[in-house]
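An overview of the molecular structure
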Amino acid sequence: MKCRICGKNAQVHLRQHNLALCRDHFVERFEREVERAIRRHRMFDRNTPVLVAVSGGKDSLAAMRVLHRLGYNVSGLYIHLGIHEGVGYSDLSLQKVKKFQETHGLPVHILHLEQTFGYTIPALVHRRRQQVPCSQCGTVKRYWMNRYAVEHGFPVVVTGHNLDDEVATLLANNLRWDTGYLARQAPFLPSTHPRMAAKAKPFVYLSEKETALYALFQGIDYVRMECPFAEGAKSIFYKELLNRLEERSPGTKLRYYREFLRFREEVLSSHTHPGVELRTCTVCGMPTTLEVCAYCRLTSRVGTQV
Ligand code: SF4
Ligand SMILES: [Zn+2]
Ligand SMILES: [Zn+2]
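These remarks concern the structure in this document. (Residues numbered from 1 in each chain as written. Chains lettered and ligands numbered in written order. Predicted model: local features only at pLDDT ≥ 70, side-chain atom pairs only at ≥ 80, totals over all residues.)

**Focus on the overall build of the protein**
Put simply, the rule reads: Segments assigned H or I by DSSP are reported as helices when at least four residues long, segments assigned E as strands when at least two residues long, and all are numbered from the N terminus. Computation of the radius of gyration draws on C-alpha atoms alone. For the globule rule, the value is 2.2 Å times the number of residues to the power 0.38. Once C-beta atoms are placed from the backbone, any two residues with those atoms within 7 Å are in contact.
Across its full length, the protein holds twelve helices and ten strands. Its C-alpha atoms give the protein a radius of gyration of 20 Å, near enough to 19 Å, the size a compact globule of 306 residues would have. By sequence separation, contacts in the protein at least 24 residues apart represent 68% of the contacts at least 6 residues apart.

And the structure:
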C-alpha cells in the first residue's frame with residue numbers, strides 16, 4: 001500500500017477513512033486533527049496555560065507532546081494514587097512520567113496522595129469494604145486536577161480521552177438515557193464557577209489506535225499495563241462491543257460520535273445547565289451542588305485532611 005499523499009510505502013491504514021499514510025504524513029494529519037478540534041470547539045489559544053492530566057499512559061503523554069509541538073503553553077499533573085496491588089502500578093506509571101519529562105523536556109507536576117495527605121486510593125476503598133475503587137478514584141482525580149489547576153493559574157484542564165473512550169461512555173449513557181450525563185459529555189466544557197477550570201478533550205475525533213501510533217512514532221515510552229482495578233470494568237466490555245461493530249462497518253464509532261454531538265447541540269443544549277446552582281463547599285471552598293463537596297464527604301469518612 002502506498003501513502004496517499006507522497007506515494008512512499010504506507011505504514012498506517014486508517015480503515016475508517018480508507019486512508020493509507022506514511023509515518024510523516026500520519027503524524028502531520030494527526031496534529032492537524034488535534035488543532036482542528038481545538039479550534040472547532042474554541043478550547044484554548046496559545047497564550048492560555050493548560051494543565052494536562054497525565055497518567056503515564058499513551059493518551060495523556062501524547063496529548064502533552066502534541067500540544068507542545070503545536071506551540072501551546074502546556075504543563076502536566078501526575079497524581080500518584082498509591083495503587084500497588086502486587087504489581088507496583090502507580091510507581092511504574094510515575095517512572096514513565098519522569099522518563100517522559102527528561103526525554104521531552106516538558107514540565108510535569110507531581111501530587112503524591114500518600115506523601116501529601118496520608119491516604120491511598122485502595123485504602124479509601126478498603127475502609128468502605130468495596131471491591132473496585134473506580135468511582136472514588138474518579139472523584140479524587142477530578143477534584144485534584146481542578147483544584148490544582150485553579151490554584152496554580154491554569155484556566156483549562158486537558159485530558160487525553162480518545163474516540164474509543166468517548167463512544168464507550170456514550171453507549172453507557174445512551175443505555176440509561178441519562179440526559180444529564182449526555183448533556184455534559186462534550187469535547188469542551190467551559191468554566192461555570194470562579195473555582196472551576198474549563199475541561200478540554202482534544203483527542204475526541206482520534207481513535208485509540210491513532211493515539212497509540214502517534215505515541216510510538218514520537219518515541220514516547222508509556223505504561224502498557226492496565227490499572228489492576230480496570231479489569232472487568234464495564235467500559236472495557238463496551239469497547240469490545242464497539243470494536244466488533246467497527247470491524248463490520250468501519251467508521252461506525254466516528255459517525256456515532258459526530259451524530260451525537262449534532263443531537264447534543266440541537267436537542268440537549270438546554271440541559272447543559274439544568275437549573276443546578278453551583279455552590280461553594282463549606283469545608284474546602286471548591287464548587288459543589290451540595291453543602292459539602294463529594295471529595296470532602298469521601299475523605300472525611302476516612303479521617304483525611306484536605
Ligand atoms: S481503573 Fe479505576 S482505580 Fe484504576 S486508575 Fe482508573 S479509575 Fe482509578
Ligand atoms: Zn507520505
Ligand atoms: Zn470540599
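**Things to note about the nonpolar core**
Across soluble globular proteins, you tend to see nonpolar side chains buried next to one another. We count it as follows: A set of buried Ala, Val, Leu, Ile, Met, Phe, Trp, Tyr and Cys residues, joined to one another through C-beta atoms within 7 Å, is what we call a nonpolar core. Partly exposed residues are those falling between the two cut-offs: more than 12 but fewer than 20 other C-beta atoms within 10 Å of their own, whereas 20 or more means buried and 12 or fewer means exposed, with C-beta atoms placed from the backbone.
Val50, Val52, Val54, Val156 and Val157 are the most contacted members of the largest nonpolar core, which has 67 residues in total. A per-element tally of this core places helix H2 (residues 58-69) first, with six residues. When sequence neighbours within four positions are dropped, the list of residues in contact with valine 156 reads Met43, Phe44, Thr48, Val50, Ala197, Ala198 and Ala200.

**A few points about unusual backbone geometry**
One non-glycine residue, asparagine 18, lies in positive phi territory at about 50°. Relative to the helices and strands, asparagine 18 resides in the loop between strand E1 (12-14) and strand E2 (19-21). Taking the number of C-beta atoms within 10 Å as the measure of exposure, asparagine 18 has 10 and is therefore exposed. Non-glycine residue glutamate 85 carries a positive phi angle of around 45°. Relative to the elements of secondary structure, glutamate 85 occurs in the loop between strand E4 (73-80) and helix H3 (89-104).

**Considerations on the sheet that holds strand E5 (residues 108-112)**
Test applied: Note on pairing: DSSP must find at least two bridges between two strands before they are called paired. Lines fitted to the C-alpha atoms define the axes, with helices restricted to the stretch that makes contact. Angles between their N-to-C directions range from 0 to 180 degrees.
Here we have six strands laid out as an open sheet, ordered E5-E4-E3-E6-E8-E7, and mixed in their pairing. Edge positions in the sheet fall to E5 and strand E7 (188-189), since each has one partner strand and no second. Here three bridges tie strand E6 (residues 156-158) to strand E8 (residues 198-200), and the two strands are oriented parallel to one another. Bridge pairing in E8 links valine 156 to alanine 198. Helix-sheet contacts for H3 involve strand E3 (49-54), E4 and E5, and the interaxial angle to E4 is about 160°.

**Digging into the packing of helix H7 (residues 163-176) against helix H10 (residues 234-248)**
Keep this limit in mind: Roughly parallel covers angles under 35 degrees, roughly antiparallel covers those over 145, roughly perpendicular covers 65 to 115, and oblique covers all other angles.
Relative to each other, H7 and H10 sit at 105°, their axes nearing to 9 Å. When the axis of H7 is compared with that of H10, the two are roughly perpendicular. Here H7 contributes Asp164, Val167, Ala168, Leu171 and Ala172 to the contact with H10, which in turn contributes Lys234, Ser235, Tyr238, Lys239 and Leu242.

**Notes on the pairing of E4**
We apply this condition: Assignment of crossover handedness uses the view with strands pointing away from the viewer, where a clockwise path from the first strand over the helix to the second indicates a right-handed crossover.
Judged by how many residues are buried, E4 sits mostly within the fold: six of eight residues are covered. Direction of pairing for E3 relative to E4: parallel, over a ladder of six bridges. In the strand pairing of E4, leucine 51 is matched with serine 75. For the handedness criterion, the β-α-β arrangement of E3, H2 and E4 is classed as right-handed. The pairing of E4 with E5 spans five bridges and is classified as parallel. Across the sheet, the residue bridging to histidine 80 is histidine 112, located in E5. For the segment spanning E4, H3 and E5, crossover handedness is right-handed.

**Focus on the environment of arginine 69**
Tracing the backbone through its elements, the reader meets arginine 69 in helix H2. Residues arginine 69 and tyrosine 205, 136 residues apart in the sequence, show an inter-C-alpha distance of 19 Å.

**Some words on the packing of helix H1 (residues 23-40) against helix H9 (residues 208-217)**
How we decide: In this scheme the crossing of two helices becomes right-handed for a clockwise turn of the near helix relative to the far one and left-handed for an anticlockwise turn of less than a right angle. Residues are sorted three ways: Asp, Glu, Lys and Arg are charged, Ala, Val, Leu, Ile, Met, Phe, Trp, Tyr, Cys and Pro are nonpolar, and all the rest, Gly among them, are polar.
Interaxial distance between H1 and H9 falls to 10 Å at its minimum, and their mutual angle equals 120°. One element, H1, and the other, H9, form an angle in the oblique class. The interaxial crossing formed by H1 with H9 has left-handed handedness. Across from Arg23, Phe26, Val27 and Phe30 in H1, the residues of H9 making contact are Glu210, Leu213, Tyr214 and Phe217. Grouping the constituent residues of the contact of H1 with H9 by class yields six nonpolar, no polar and two charged.

Purely geometric numbers; function is a separate question.
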